[in-house]
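Secondary and tertiary structure notes
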Amino acid sequence: CAEGRRYPQNLQGVLQLAVEAGSAAEGQEPTALDPMSEERKAWLREALSDICKGQMDEVEQMKQCLELLRTEEPNNQEREDEEEEDDRETVFETLTELCDNLDNARDLMTLGGLELCVSRYLNHEQGGLRWRAAELVASCAQNMPQVQLYLLDIGTLPKLLEMTDSDPHPTVRVKALYAVSCLVREQEAGLKAFLSLDGFSVLMRGMQSENKKLRIKSAFLLLNLLTSHPEHRATVVSMGMVQQLVSVLRMPHSHFHEHVLGALCCLVEDCPPGLRECRDSALGLDELLKHRSTELQGKEECEEELAFCERLRTMCFTGHQSEDNGMDR
């Protein structure tokens, strides 16, 4: 093929490119009945050959990676330097890059790579392998219902939630939560499993952790799930989430508070139990929001947070002070 020519990564892309090339050359819209010129046929055969060869090369590359990952674990005596980078870390990085291609993610599942990843490496003693395994799971699960359901069936979600909650390695916790997000967002079966495993409590603890990245990603996923699934808001309120979120807002200010305020707005909107919780004077939310609004005024980088803050205060307290004072507690 011509040097520098780049082809799409799947057959559908090749066919689309062939149609576009034919249209440009002939100056007209092609139809299903248009005869294909010999030159165009030759070009398409070359493109398909190149793509098939490239995909085969990548499958072989994944097989070689899995062969290395399946080898016996070296014992401590055989490893000269415990701090030395493990070759398997590089293997995971290669697999993760390859699995940005959805076809490769599906092939890795068929080759048994995901089962190996979940059964051996999500609970590996080396943190560097644990977080890379979680990252690979996330990469394969994104926008791939078939892979998501497979991962759910082999018990991946409970492991990821446990890692998010209690792994001693901070990067492992962040990558595990990323993988959780890829399994539960826009995936009904994943969300159902997440609820049964008390996943919202895991997010709550994540927002209260000392791990900054984990706090941000926990708050963002909570906001996303409450926005996408309003039917679960009352359940989340019944878990004491309003009080917990307000306690997070009382922590030293951080930009992830934008997501926390957004989540509170979700728990108030069309959700009477959440509205009652927020209006409880014992919570002190009105004064907290007044103070926060004053702090955020004029800060361009905090415009979204300020908007959430003022929206929440309007929904909860504007015109309701007298009602709040007479509330039965």
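Residues numbered from 1 in each chain as written. Predicted model: local features only at pLDDT ≥ 70, side-chain atom pairs only at ≥ 80, totals over all residues. Heavy atoms only, no water.

A word on the environment of Q61. Mapped onto the fold, Q61 is located in helix α2 (residues 38–70). When sequence neighbours within four positions are dropped, the list of residues in contact with Q61 reads T94 and L98. (Helix = DSSP H or I, 4+ residues; strand = E, 2+ residues; numbered from the N terminus. Contact = heavy atoms within 4.5 Å.)

Let's shift gears to the packing of aromatic side chains. The relation between two aromatic rings is expressed through the spacing of the ring centres and the mutual angle of the planes. Tallied over the entire structure, the rule returns 2 aromatic pairs. Measuring from ring centre to ring centre gives 5.1 Å for F92 and Y121, while their planes differ by 75°; the resulting arrangement is edge-to-face. Residue F92 is found in helix α3 (residues 87–98), and its partner Y121 is found in helix α5 (residues 113–121); the two are separated by 29 residues along the sequence. Comparing F92 with Y121, the two get one shared label, buried. (Phe/Tyr/Trp six-rings, centres within 6.5 Å; stacked < 30°, edge-to-face > 60°. Buried < 20%, exposed > 50% of the residue type's maximum accessible area, 1.4 Å probe, protein only.)

Attention shifts here to the environment of L122. Residue position: L122 is located in the loop between α5 and α6 (127–141). Taking the relative accessible area as the measure of exposure, L122 reaches 2% and is therefore buried. A sequence separation of 10 residues divides L122 from R132, and the C-alpha atoms of the two residues are 8.7 Å apart. Excluding residues that lie within four positions of it along the chain, L122 makes contacts with C117, R130, A133, A134, T156, K159, L160 and M163.

Our next topic: a negative patch on the surface. A cluster of acidic side chains, namely E300, E301, E303 and E304, defines a negative patch on the protein surface. Among the secondary structure elements, E300 is positioned in the loop between α17 (285–296) and α18 (303–317). With relative accessibility at 65%, the residue E300 sits in the exposed group. (Patch = residues over 30% accessible without salt bridge, like charges linked within 9 Å, V, L, I, M, F, W, Y side chains within 5 Å. Areas by Shrake-Rupley, 256 points an atom, 1.4 Å probe, with all protein chains shown as cover. Salt bridge = Lys/Arg side-chain N within 4 Å of Asp/Glu carboxyl O. Lys, Arg positive; Asp, Glu negative; His and termini not counted. Charge placed at Lys NZ, Arg CZ, Asp CG, Glu CD.)

A positive phi is found at E186, a non-glycine position, where the angle reads about 60°. Although it is not a glycine, D198 adopts a positive phi angle of roughly 60°. Mapped onto the elements, D198 comes out in the loop between α10 (188–196) and α11 (199–207).

Summed over the entire model, instances satisfying the criterion amount to 13 salt bridges. Between K290 and E287 there is a salt bridge; the shortest N-O distance is 3.3 Å. A residue pair is termed a helical-turn pair when its members lie 3 or 4 positions apart in one helix, as K290 and E287 do in helix α17 at 3 residues. A residue is classified by how much of its surface remains accessible, and K290, at 33% relative accessible area, is partly exposed. Taken together, the salt bridges that share partners define one network made up of E89, E93 and R132.

What follows concerns the side chain of H259. Here H259 lies in helix α15 (residues 257–268). Judged by its relative accessible area of 15%, H259 is buried. In this structure, H259 is in contact with I216, A219, F220 and L223, ignoring residues within four places of it in sequence.

By the burial criterion, the buried members of helix α8 (residues 156–166) are T156, L157, L160, L161, M163 and T164. One face of α8 carries all of its buried residues, which in axial projection span an arc of 160°. Summarising the geometry of α8, the exposed residues directed more than 90 degrees from the buried face are E162 and S166. (Arc of directions from axis to C-beta.)

Per-residue confidence for the protein chain gives a mean pLDDT of 85, with 76% of residues at or over 70. In the predicted structure, residues 322–329 sits below a pLDDT of 50 and forms 9 contacts with residues beyond four places in sequence or in another chain. (pLDDT = per-residue confidence, 0-100.)

Glancing now at helix α7 (residues 145–153). Turning to α7, its buried residues number three or more, namely V147, Q148, L151 and L152. Along the axis of α7, the buried positions cluster into a sector of 135°, meaning they face one direction only. Contacts from the buried residues of α7 go to α4 (102–110), α5, α6, α8, α9 (170–184) and α10. Backbone geometry just after α7 places G155 at a positive phi near 80°.

Ranked by internal contacts, the top residues of the largest apolar core, which has 88 residues, are L160, F194 and L245. No fewer than three residues from each of domain 1 (84–197) and domain 2 (232–317) sit in this core. With residues up to four places along the chain from it excluded, the contact list for L160 reads L122, A134, V137, A176, A179, V180 and L183. (Core = buried A, V, L, I, M, F, W, Y, C linked by side-chain atoms within 4.5 Å. Domains from an automatic or database assignment.)

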